[in-house]
Amino acid sequence: MTLFDKIWTKHVVKQIEGGPSVFYIDRHFIHEVTSPQAFDGLRKRGIPLARPAQTVATADHNVPTWDQHLPIKEALSRLQVEKLTENCKEFGVELYGLGHSYQGIVHVIGPELGITQPGMTIVCGDSHTSTHGAFGTIAFGIGTSEVEMVFATQCLMQNKPKQMRINIDGELGQGVSSKDIILYVIAQISASGATGYFVEYAGSAIRSLSMEARMTICNMSIEMGARGGLIAPDDTTFDYLEGRKFAPSGILWEERVAEWRELYSDADAVFDHEIHIRAEDIQPMVTYGTNPGMGIPVTGIIPDETLLEEKERPSFRKALDYMGLQSGNAIKGQKIDYVFIGSCTNSRIEDLREVAAFVKGRQKADNVEVWIVPGSKQVEAQAREEGLHGIFEEAGFQLRQPGCSACLGMNEDKIPAGKYCISTSNRNFEGRQGQGARTLLASPLTAAAAAVTGVVTDVRELLTVSSE
Amino acid sequence: MNIHSTTIPLENENVDTDQIIPARFLKATSRDGFGKNLFRDWRYNNDDEAQPKTEFVLNNPVFNGKILVAGKNFGCGSSREHAAWALKDYGFDAVVSSFFADIFKNNALNNFLLPVQVSDEFLENLFETIRQNPAAEIFIDLENQSITNVSTGEKAWFDINSYKKTCFINGYDDIDYLLSMREEIEDYEMSH
Ligand code: SF4
């Protein structure tokens, strides 16, 4: 059996003939944007929320990242956050709302509080729920009707997906991070290359990553169309979880770890599709287009449309037009206006530490504005405790308050039309960071390098200089 | 259940949910009224309804109908069900493409917006038919799971699992079904 099969089988309440399974959900995360209509549904049916104790809420998509102690200025955002507060109260759901010391991006706080644990099934009305797969869970995003289903019954109707394993073996080069791994994989198989699949990431390069780096990879599974991605838990996972707020403790901890050690794909497990990648082939990556599959090495050239099939060319041309970029040009040296380091992909403490270590003693370029948006209150507090805020301030970077921020521009943090933003988030869709905004996805280190030089930069050149 | 209609062709590939309904319109707390913001940034200049982008297909009076015909990988990106609500609210009953993103497909089915997946070739021929004749019609027969390009007579079959098909035809939703299983779910919880 595969790792996925082991968890799946355990959660099937009933298999409907010729149809989906009734699938049990262990943990349900909710946020302000995709839940109000689902709460309304419960009210309309006159039923309670089935398992409030398995439901956790936070406010993240709409929240300001400055002056969070003040009322939210924008009326509709404020209303949505207030609605969440009222709904959680009425239906008995724990809320880590604005001002709470656990507040943050839903996919950052679940793991950090130890709510996310191996072997679980986890859903959220948000496609990047795949992040939690890093712990060896089946975790995926759902729509609002499905949020209502889980509210009402703690179950979903699910068809079993196909399974793919992506093996990444070898050692990553200097300046290459887990973000580069996943951008490389998506560039290889395209933004729809894993649609219909659940992906397991395996291989020595994955095993050697920290939990936070693994989360970055699982987070972007959805960007190649996969329903989710997961990684078998190991000592790195257990070490990360031990002692966290909601992680089991005492004898229970020992018992759980023993169970979790059984969570791996058996040697004879069969996958519908397998891919092998050499870690040595991966370089720092940057996207140049308007879907996450349009990525190239930072040293690369923006591809020519003649390499594509005829019917793909109009979409490709539209993307380059939108981005104001040209086939045949190097991406390196492209001028940047904004740098956004944040989002559920790369806003954890390790990301901030890595950026701080790089910028220490350096200055941001005059032409850029740099926003660092921590993933949670706890990350923010930790960054301050470690003195990272001082380093950022000296470099001219703004350390803001937690939320989704410029990842999707639902709050005030928007990139102006026509401006270029190098971003550690996960989507470079048209208008994602603000109407007309032009997004280049990259790793925190590559983003930090661009912050310092004001242009797309191969961070490895700067690393060599500093270590000499 | 049949859908017989002219179409609106959207030849772009990888149409993501941020295009279908941009994030700034997700602040509503009800399910209604999203149709007017469908493809908002492709439809208007400067976010202004008085400045339609005439080249965009929804603004082209030649095309109308209850079926959207779209390029490969339609509905990728975010899980926002608002995308399905917006399409439905605008007046679509079906979307035809050669490939749908998973979450979008579920969301569409949960809102009685029928996703019809056809082969690349069928889709290409369909676009060609519509280019030649904007008034070309499509006939979708859910019972038999078939779709016909009426002008050419080309016919194909599409997949939908039998459970969902029954829900669709009878207007049931999953929650009714799951609520009827309450005891089995509780038994499951006791034994796990
Ligand atoms: S940070 Fe971005 S991708 Fe992550 S949950 Fe928030 S909006 Fe979605």
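J.: Hey, could you run me through the overall build of chain B in this one?
T.: Helix and strand counts for chain B stand at 8 helices and 7 strands. For 192 residues, the compact-globule estimate of 2.2 N^0.38 gives 16 Å, and the C-alpha radius of gyration of chain B, at 18 Å, lies within 12% of that figure. A principal-axis box enclosing the C-alpha atoms of chain B has dimensions of 60 × 40 × 25 Å. Taking all 192 residues of chain B together, the buried fraction comes to 57%. Accessible surface for chain B amounts to roughly 7800 Å². Of this, 47% is attributable to carbon and sulfur atoms. A gap of 5 Å separates the mean positions of the 17 positive and 31 negative side-chain charges of chain B.

J.: When you look at the packing of helix 12 (residues 349-359) of chain A against helix 15 (residues 444-453) of chain A in this model, what are you seeing that I'm missing?
T.: When two helices pack together, their arrangement is given by the angle between their axes and by how far apart the axes lie. Residues and elements named next belong to chain A. Two elements in contact, helix 12 and helix 15, have axes whose closest approach is 9 Å; the angle formed by their N-to-C orientations is 35°. Where helix 12 crosses over helix 15, the handedness of that crossing is right-handed. Mapping the contact onto sequence places Asp-351, Glu-354, Val-355, Phe-358 and Val-359 in helix 12 and Pro-444, Leu-445, Ala-448, Ala-449 and Val-452 in helix 15. Counted by class, the contact of helix 12 with helix 15 contains 8 nonpolar, no polar and 2 charged residues.

J.: Quick question: what am I supposed to make of the sheet that holds strand 5 (residues 94-96) of chain A here?
T.: The strands that make up a sheet are held in pairs by hydrogen bonds between backbone atoms, and each pair lies either parallel or antiparallel. Residues and elements named next belong to chain A. Spatially, 5 strands are ordered 5-4-3-6-7 in an open sheet, and the strand pairing comes out parallel. Unpaired on one side and paired on the other, strand 5 and strand 7 (138-141) mark the two borders of the sheet. Across the sheet, the mean angle separating the axes of adjacent strands is 20° when strand polarity is ignored. With 4 bridges connecting them, strand 6 (residues 121-124) and strand 7 associate as parallel partners. Residue Thr-121 lies in a different strand from strand 7, and its bridge partner there is Ile-138.

J.: Help me out: how do you make sense of the sheet that holds strand 1 (residues 2-10) of chain B in this one?
T.: Residue and element names in this part refer to chain B. Pairing is mixed in the open sheet, where 7 strands are placed in the order 4-3-2-1-5-6-7. Strand pairing shows two members of the sheet lacking a second neighbour, strand 4 (114-117) and strand 7 (154-157), which therefore form its edges. Pairs of neighbouring strands in the sheet enclose a mean axial angle of 25°, with direction left out of account. Of the pairings in the sheet, the one linking strand 1 to strand 5 (residues 137-141) comprises 5 bridges and is antiparallel in character. Paired with Ser-5 across the bridge in strand 5 is Ile-138. Strands in contact with helix 5 (residues 120-132) are strand 1, strand 2 (67-70), strand 3 (94-97), strand 5, strand 6 (146-149) and strand 7; relative to strand 2, the strand with the most contacts, it is inclined by about 115°.

J.: Explain helix 8 (residues 182-191) of chain B here, please?
T.: Each turn of an α-helix holds 3.6 residues, which means side chains three or four residues apart point in the same direction. The complete set of buried residues in helix 8 of chain B reads Ile-185, Tyr-188 and Glu-189 of chain B. Considered in projection along helix 8 of chain B, the buried side chains sweep an arc of 100° and stay on one side of the axis. Of the exposed residues in helix 8 of chain B, the ones pointing more than 90 degrees away from its buried face are Glu-183, Asp-187, Met-190 and Ser-191 of chain B. Check the buried side of helix 8 of chain B and you find it contacts helix 1 (3-10), strand 1 (12-15), strand 2 (21-24), helix 5 (144-153) and strand 8 (155-158) of chain A together with helix 7 (174-179) of chain B.

J.: Whenever I open this one, the environment of Gly-141 of chain A confuses me. Can you help?
T.: Among the secondary structure elements, Gly-141 of chain A is positioned in strand 7. Gly-141 of chain A sits 12 residues away from Thr-129 of chain A along the chain, and the two C-alpha atoms are 5.2 Å apart. When near neighbours in sequence (up to four residues on either side) are disregarded, Gly-141 of chain A contacts Cys-124, Asp-126, Ser-127, Thr-129 and Arg-227 of chain A together with Ile-103 of chain B.

J.: Explanation requested: the interface of chain A and chain B in the structure shown.
T.: Contact with chain A, which involves 65 residues of that partner, is made by 53 residues of chain B. Between chain A and chain B the total buried area reaches about 4900 Å² when both faces are included, carbon and sulfur atoms providing 54% of it. The largest share of the area that chain A buries against chain B comes from Gln-37, Arg-45 and Gln-435 of chain A, three residues that together contribute 12% of it. In this structure, the salt-bridge partner of Asp-173 of chain B is Arg-45 of chain A, at a minimum N-O distance of 2.8 Å. Put simply, chain A and chain B have 27 residue pairs in polar contact (both at pLDDT 80 or more) between them. Counting residues per element, the ones that place at least two in the side of chain A that touches chain B are strand 1, strand 2, helix 2 (36-45), helix 3 (75-91), helix 5, strand 8 and helix 11 (313-323) of chain A. For the side of chain A that touches chain B, the per-class residue count stands at 22 nonpolar, 25 polar and 18 charged.

J.: How do you make sense of the site of the ligand when you look at a structure like this?
T.: All names here are of chain A. His-61, Ile-105, His-107, Asp-126, His-128, Ser-343, Cys-344, Cys-404, Cys-407, Leu-408, Asn-426 and Arg-432 make up every residue found near the ligand. Judged by the proximity of its atoms to the pocket grid, the ligand belongs to the largest cavity. Class assignment of the residues belonging to the shell around the ligand gives a composition of 5 nonpolar, 5 polar and 2 charged.

J.: Would you take a moment to explain the pairing of strand 19 (residues 438-441) of chain A for this structure?
T.: Within a regular strand, side chains alternate between the sheet's two faces. Residues and elements named next belong to chain A. In strand 19, alternate side chains face the same way, and those of Arg-438 and Leu-440 on one face and Thr-439 and Leu-441 on the other are all buried. Bridging between strand 18 (residues 420-423) and strand 19 involves 4 bridges; their strand directions are parallel. Each residue of the ladder has a partner; that of Ile-422, found in strand 19, is Leu-440.

J.: Got a minute to help me understand the side chain of Asn-149 of chain B in this structure?
T.: Residue and element names in this part refer to chain B. Summarising the element assignment, Asn-149 is placed in strand 6. Judged by its relative accessible area of 1%, Asn-149 is buried. In this structure, Asn-149 is in contact with Phe-122, Asn-125, Leu-126, Thr-129, Glu-137 and Glu-154, ignoring residues within four places of it in sequence.

J.: Explain the packing of aromatic side chains to me, please; I cannot follow it from the model alone.
T.: Here the distance between the centres and the angle between the planes together describe a pair of aromatic rings. All names here are of chain A. For the structure on display, the rule yields 24 aromatic pairs over all chains. Here Phe-392 and Phe-397 contribute two aromatic rings whose centre-to-centre distance is 6.2 Å and whose plane-to-plane angle is 5°, an arrangement assigned as stacked. Its relative accessible area of 0% is what places Phe-392 among the buried residues. Each member of the aromatic cluster is reached from another via a ring pair, and the members are Phe-4, Trp-8, Phe-23, Phe-140 and Phe-198. A cation sits over an aromatic face here: Arg-362 above Phe-358, 4.3 Å from the ring centre. Over the face of the ring belonging to Trp-371 we find Arg-400, whose NZ or CZ atom lies 5.5 Å from the ring centre.

J.: What is the right way to read the nonpolar core from this model?
T.: Most often, soluble globular proteins have nonpolar side chains that are buried together. If you look at the biggest cluster of nonpolar residues, it comprises 108 residues, and the most contacted ones within it are Phe-39, Phe-74, Leu-87 and Ile-140 of chain B. At 7 residues, the largest contribution of residues to this core is made by helix 15 of chain A. Aside from chain neighbours lying at most four places away, what touches Phe-74 of chain B is Leu-10, Val-15, Ile-20, Phe-39, Leu-68, Leu-87, Val-95, Ser-97, Phe-99, Phe-100, Ala-101 and Phe-104 of chain B. One finds Val-147, Ala-247 and Met-285 of chain A together with Tyr-163 of chain B within the second-largest nonpolar core, a separate group that totals 91 residues.

Criteria and thresholds
- Residues numbered from 1 in each chain as written.
- Chains lettered and ligands numbered in written order.
- Predicted model: local features only at pLDDT ≥ 70, side-chain atom pairs only at ≥ 80, totals over all residues.
- Heavy atoms only, no water.
- Helix = DSSP H or I, 4+ residues; strand = E, 2+ residues; numbered from the N terminus.
- Rg over C-alpha atoms; globule rule 2.2 N^0.38 Å.
- Buried < 20%, exposed > 50% of the residue type's maximum accessible area, 1.4 Å probe, protein only.
- Areas by Shrake-Rupley, 256 points an atom, 1.4 Å probe, with all protein chains shown as cover.
- Lys, Arg positive; Asp, Glu negative; His and termini not counted.
- Charge placed at Lys NZ, Arg CZ, Asp CG, Glu CD.
- Axes fitted to C-alpha atoms, helices over the stretch in contact; angles between N-to-C directions.
- Left-handed = near helix turned anticlockwise from the far one by under 90°.
- Contact = heavy atoms within 4.5 Å.
- Nonpolar A, V, L, I, M, F, W, Y, C, P; charged D, E, K, R; others polar.
- Pairing = 2+ DSSP bridges.
- Arc of directions from axis to C-beta.
- Buried area = accessible area lost by both parts, 1.4 Å probe.
- Salt bridge = Lys/Arg side-chain N within 4 Å of Asp/Glu carboxyl O.
- Polar contact = N/O pair within 3.5 Å; in protein donor to acceptor, adjacent residues only side chain to side chain.
- Near = heavy atom within 4 Å.
- 1 Å grid on protein atoms, 1.4 Å probe; cavity = no way out; pocket = protein on both sides within 12 Å on 5 of 7 lines; lining within 4 Å.
- Sits in = over half its atoms within 2 Å of the grid points.
- Phe/Tyr/Trp six-rings, centres within 6.5 Å; stacked < 30°, edge-to-face > 60°.
- Lys NZ or Arg CZ within 6 Å of the ring centre and 35° of its normal.
- Core = buried A, V, L, I, M, F, W, Y, C linked by side-chain atoms within 4.5 Å.

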